[in-house]
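# Architecture and fold: a report
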Amino acid sequence: MSAADDLAEALAFLRRRVAGEYEVDEFGFDPEFNDKVILELLRPLYRHWFRVETVGMDNVPFDSGALVVANHSGTVPVDALMLQVALYDDHPARRPVRLLGAHLVYQLPVLGHLSRKSGHTLACPEDADRLMRKGELVGVFPEGFKGVGKPFSERYRLQRFGRGGFVASAIRAGVPIIPCSIVGAEEIYPKIGDLRFLARILGLPYLPITPFFPWLGPLGMIPLPSKWMIEFGEPVRTDEFEPEEADDPMTVFNLTDHIREIIQQQLNALRLRRGHAFPPFF
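Here's a quick rundown of the structure. These numbers come from a predicted model, not from an experiment.

Let's shift gears to the overall build of the chain. Along the chain, the regular secondary structure elements total ten helices and nine strands. In terms of overall dimensions, the chain is globule-like: its C-alpha atoms have a radius of gyration of 19 Å, near the 19 Å expected for 282 residues. Overall, the chain is about 60 × 45 × 40 Å in size when its C-alpha atoms are taken along their principal axes. Residues classed as buried in the chain amount to 49% of the 282 residues present. For the chain, the share of sequence-separated contacts (at least 6 apart) that also reach a separation of at least 24 residues comes to 76%. Total accessible area computed for the chain in this model is approximately 14,300 Å², and 61% of it derives from carbon and sulfur atoms. Averaging the positions of the 31 positive and the 37 negative side-chain charges in the chain gives two centres separated by 7 Å.

This is the structure in structure tokens:
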């Protein structure tokens, strides 16, 4: 595409925005804004900084509902953003993933608004059920802040998966669960400490200390260019369960533990396959 074509497309995009000629769904998802603005800003990180490779993309359904369950890490949740790019740019059907986020995300004015524009929503069973029943691809990080905020010494060790609410939602909707393992995020901000007192004052779950932050100021916020790999494992079926089994704690616990074990095994193998985090430097 020529520079003139790029300019014409950009002007057409601006005209549609000004005229209000774009669609937003009931959750606030704005597909055009997501593709042309948010993902476009993330693509250089995905392709050139982290050099993300995907494995097993054919395990993600082409056009039906599913629940992608992934490990969470990296001190700052960049892994959620890279997962979003991977499923849209590298899946043949260019699938938007509707991530379920913590309350904190939607309490922040700008971040909360952009998350809605990207198609994401609050991590609650009602929203998850509605999205999956509509045939959407939903993503969840069941480790939550325990995973993303863990110290570097515990890298690639999965934390507790909560009470399994995501499994119950998948059973109720009768959609498959796709175990997803992300290798590379652990190295972008190696967390070696925590400013807990200041974090409490700011209302944050943690405030990390890394080898570069806060010592280098804003420069310390630049993520290290680790090599990333994202693997999508074979779907785990839930349509073999009766919908009422979603309310059985033992069924939910067993399936949650099974998914967690699959992801941990995938992580171990994928980490070996990836090799050094910073090739060719080490």
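So that's the structure; there's more coming.
What follows concerns the packing of aromatic side chains. Using the criterion set out here, one finds two aromatic pairs in the structure. Aromatic pair Phe161 and Phe166: ring centres 6.1 Å apart, planes at 75°, arrangement edge-to-face. Here Phe161 matches Phe166 in class, with each residue buried. Over the ring of Phe33 we find Lys117, and its NZ or CZ is 5.6 Å from the ring centre.

The subject of this paragraph is the environment of Pro223. Within the element layout of this structure, Pro223 appears in the loop between strand S8 (208-209) and strand S9 (229-232). Taking the C-alpha atoms as reference points, Pro223 and Tyr88, separated by 135 residues in sequence, lie 22 Å from one another. Beyond its immediate chain neighbours, meaning those up to four positions away, Pro223 contacts Trp49, Phe50, Ile188 and Tyr189.

Along the chain, the position of Gly119 falls in the loop between helix H5 (109-117) and strand S4 (121-122). You can call Gly119 buried: its relative accessible area is 1%. Each C-alpha atom, one on Gly119 and one on Glu231, is 22 Å from the other, the two residues being 112 residues apart in sequence. Setting aside its immediate chain neighbours within four residues, Gly119 contacts Phe29 and Arg98.

It is at 9 Å that the axes of helix H8 (residues 165-173) and helix H10 (residues 249-274) come closest, and there the two elements cross at 105°. Classified by the angle their axes make, H8 and H10 are roughly perpendicular. Contacts between H8 and H10 pair Phe166, Val167, Ala168 and Ile171 from the former with Thr251, Val252, Leu255 and Thr256 from the latter.

Ranked by size, the top nonpolar core spans 34 residues in total, and within it Leu83, Leu87, Cys180, Trp228, Ile230 and Phe232 carry the most contacts. Elements supplying a minimum of two residues to this core: helix H2 (31-49), strand S2 (66-70), helix H3 (78-89), strand S3 (97-101), strand S6 (177-183) and S9. It is H3 that provides the largest number of residues to this core, a total of eight residues. Not counting residues within four places of it along the chain, the set of residues in contact with Leu83 comprises Val68, Val97, Leu99, Phe141, Cys180, Ile230 and Phe232. Core analysis: the second largest hydrophobic core is formed by 31 residues, Leu100, Val138, Val175 and Ile177 among them.

With that out of the way, let us pick up the sheet that holds S4. Spatially, S1-S9-S6-S2-S5-S3-S4 is the arrangement adopted by the seven strands of the open sheet, whose pairing is mixed. The sheet terminates laterally at strand S1 (53-55) and S4, the two strands that pair on one side only. In this structure, S3 lies alongside S4, joined through two bridges in parallel fashion. Each bridged residue has a counterpart across the sheet, and for Leu100 the counterpart in S4 is Thr121. In this fold H10 packs onto S1, S2, S6 and S9, with an angle of close to 35° to the strand it touches most, S6.

Time to look at the pattern of salt bridges. Across all of its chains, the model carries 22 salt bridges by this definition. Between Arg98 and Glu136 there is a salt bridge whose closest N-O contact spans 3.4 Å. One end of the pair, Arg98, is in strand S3; the other, Glu136, is in the loop between helix H6 (125-133) and strand S5 (137-140), and 38 residues separate them in sequence. Note on Arg98: relative accessible area 0%, which makes it buried. Connected via shared salt-bridge partners are Asp35, Glu40, Arg43, Arg47, Asp89 and Arg94.

Calculation rules
Residues numbered from 1 in each chain as written. Predicted model: local features only at pLDDT ≥ 70, side-chain atom pairs only at ≥ 80, totals over all residues. Heavy atoms only, no water. Helix = DSSP H or I, 4+ residues; strand = E, 2+ residues; numbered from the N terminus. Rg over C-alpha atoms; globule rule 2.2 N^0.38 Å. Buried < 20%, exposed > 50% of the residue type's maximum accessible area, 1.4 Å probe, protein only. Contact = heavy atoms within 4.5 Å. Areas by Shrake-Rupley, 256 points an atom, 1.4 Å probe, with all protein chains shown as cover. Lys, Arg positive; Asp, Glu negative; His and termini not counted. Charge placed at Lys NZ, Arg CZ, Asp CG, Glu CD. Phe/Tyr/Trp six-rings, centres within 6.5 Å; stacked < 30°, edge-to-face > 60°. Lys NZ or Arg CZ within 6 Å of the ring centre and 35° of its normal. Axes fitted to C-alpha atoms, helices over the stretch in contact; angles between N-to-C directions. Parallel < 35°, antiparallel > 145°, perpendicular 65-115°, else oblique. Core = buried A, V, L, I, M, F, W, Y, C linked by side-chain atoms within 4.5 Å. Pairing = 2+ DSSP bridges. Salt bridge = Lys/Arg side-chain N within 4 Å of Asp/Glu carboxyl O.

Note that every value here comes from positions in space, so none of it alone points to a role or purpose.
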